[in-house]
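Descriptive analysis of the structure
Each chain is listed here by its residues.
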Amino acid sequence: MKLADDIVRVSFRREDFRISFSQPFLLVFVVALLTTECVFVLNGEANFQLLAFVLPLLVTVLCTSAILLLKYRFPFQVSRDGIACYDFWCRPQRTSWDAVSDCEIVTTAGLRYLKVRAKGNSRDIWIPLFVTRSATLRDLLSLYLSCESRDCSRNIAELLEGAE
């Protein structure tokens, strides 16, 4: 939506986001269970109770613990000042909206991210789009990335709509 030239849109909103549980859990669980089952079968394990009950239960507990750790230990924040999040190596990372030069939607293993490039930052910021309040995240990203001077603003609404 294009606003008139005499309208100023100001937001002081700051939101914390956490990844959803179900999307990454399903991916991690299936990969971990298939890998574990294959390793045991290839090593000659033929115990049906172990393969059908014990391993799936153990993999479920471990995957649940790992996803919950990621969910609650590494939230990210979107505010009028910029993005505050963690990189792949769990180091805090922060950038302002003025430094954003480009963005694109990236799908990795079935999980969608908004990949943001910032001037003066050698690492890209990967914002997970599989959060518990995805509509709120999309609204805030559309609001803060809507400046006409940015390269990514011309299609940020289409990018975020296509990510659903």
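Source: prediction; values computed, not measured. Just so you know, the residues in each chain are numbered from 1, in the order the chain's sequence is written. Owing to the predicted nature of the model, reporting of local features is limited to residues with pLDDT of at least 70; listing and counting of side-chain atom pairs is limited to 80 or more, with chain, interface and lining totals taken over all residues. Computation of side-chain values: all heavy atoms of the structure, hydrogens and water removed.

**Looking at the packing of helix α1 (residues 22-42) against helix α2 (residues 48-73)**
For any two helices packed against each other, one specifies the crossing angle of their axes together with the interaxial distance. Every angle, taken between N-to-C directions, lies between 0 and 180 degrees, and every axis is a line fitted to C-alpha atoms, over only the stretch in contact when it is a helix. Helix and strand assignments come from DSSP, with helices taken as H or I runs of at least 4 residues and strands as E runs of at least 2, each series counted from the N terminus. At a minimum axis distance of 9 Å, the contact between α1 and α2 shows a crossing angle of 140 degrees. On the basis of their axis angle, the class for α1 and α2 is oblique. Our pair here, α1 against α2, has a crossing hand that is right-handed. Here α1 contributes Pro24, Phe25, Val28, Phe29, Ala32, Leu33, Thr36, Glu37, Phe40 and Val41 to the contact with α2, which in turn contributes Leu50, Leu51, Leu55, Pro56, Val59, Thr60, Cys63, Thr64 and Ile67. Each residue gets one of three labels, nonpolar for Ala, Val, Leu, Ile, Met, Phe, Trp, Tyr, Cys and Pro, charged for Asp, Glu, Lys and Arg, and polar for the others, Gly among them. Across the contact of α1 with α2, the residue classes tally to 15 nonpolar, three polar and one charged. Here roughly perpendicular refers to angles of 65 to 115 degrees, roughly parallel to angles under 35, roughly antiparallel to angles over 145, and oblique to all remaining angles. For any pair of crossing helices, the crossing counts as left-handed if the nearer helix is rotated counterclockwise from the farther one by less than a right angle, and right-handed if it is rotated clockwise. The contact criterion used is simple: two residues touch if any of their non-hydrogen atoms lie within 4.5 Å.

**So, the nonpolar core**
The criterion is simple. A nonpolar core is a set of buried Ala, Val, Leu, Ile, Met, Phe, Trp, Tyr and Cys residues joined through side-chain atoms within 4.5 Å. Throughout, exposure labels follow a simple rule: accessible area from a 1.4 Å probe, protein chains only, divided by the maximum for the residue type, with under 20% read as buried, over 50% as exposed, and the rest as partly exposed. Ranked by size, the top nonpolar core spans 20 residues in total, and within it Ile127 and Leu137 carry the most contacts. Ranked by the residues each element gives to this core, the list is headed by helix α3 (residues 134-144), at five residues. Beyond its immediate stretch of four places on either side in the chain, Ile127 contacts Phe76, Ile83, Arg112, Tyr113, Leu114, Val116, Leu137 and Leu141. Phe25, Leu33, Val59 and Cys63 belong to the second largest nonpolar core, which has six residues in total.

**Some thoughts on the pattern of salt bridges**
Opposite charge on two side chains permits pairing when their charged atoms draw close. Salt bridges are counted wherever a side-chain nitrogen of Lys or Arg sits within 4 Å of a carboxyl oxygen of Asp or Glu. This model, assessed by the stated rule, comprises five salt bridges. Glu15 is paired through a salt bridge with Arg133; the nearest N and O atoms lie 2.7 Å apart. Of this pair, Glu15 sits in strand β1 (residues 14-17) while Arg133 sits in the loop between β7 (125-128) and α3, and the two are 118 residues apart along the sequence. Assessed through its relative accessible area of 33%, Arg133 is described here as partly exposed. The partner of Asp102 in a salt bridge is Arg117, and the shortest N-O contact between them spans 3.3 Å. One end of the pair, Asp102, is in strand β5 (residues 100-108); the other, Arg117, is in strand β6 (residues 111-118), with 15 residues separating them in the sequence. The partly exposed category is assigned to Arg117, whose relative accessible area is 24%.

**Some points on the pairing of strand β3 (residues 82-86)**
Burial analysis of β3 places four of its five residues in the buried class, which makes it a mostly covered element. If DSSP finds at least two bridges between two strands, the strands pair. The hairpin turn running from strand β2 (residues 76-79) into β3, its antiparallel successor, is two residues long. Sheet analysis places β3 next to strand β4 (residues 92-96), joined by five bridges and oriented antiparallel. Looking across to β4, one finds that Cys85 is bridged to Gln93.

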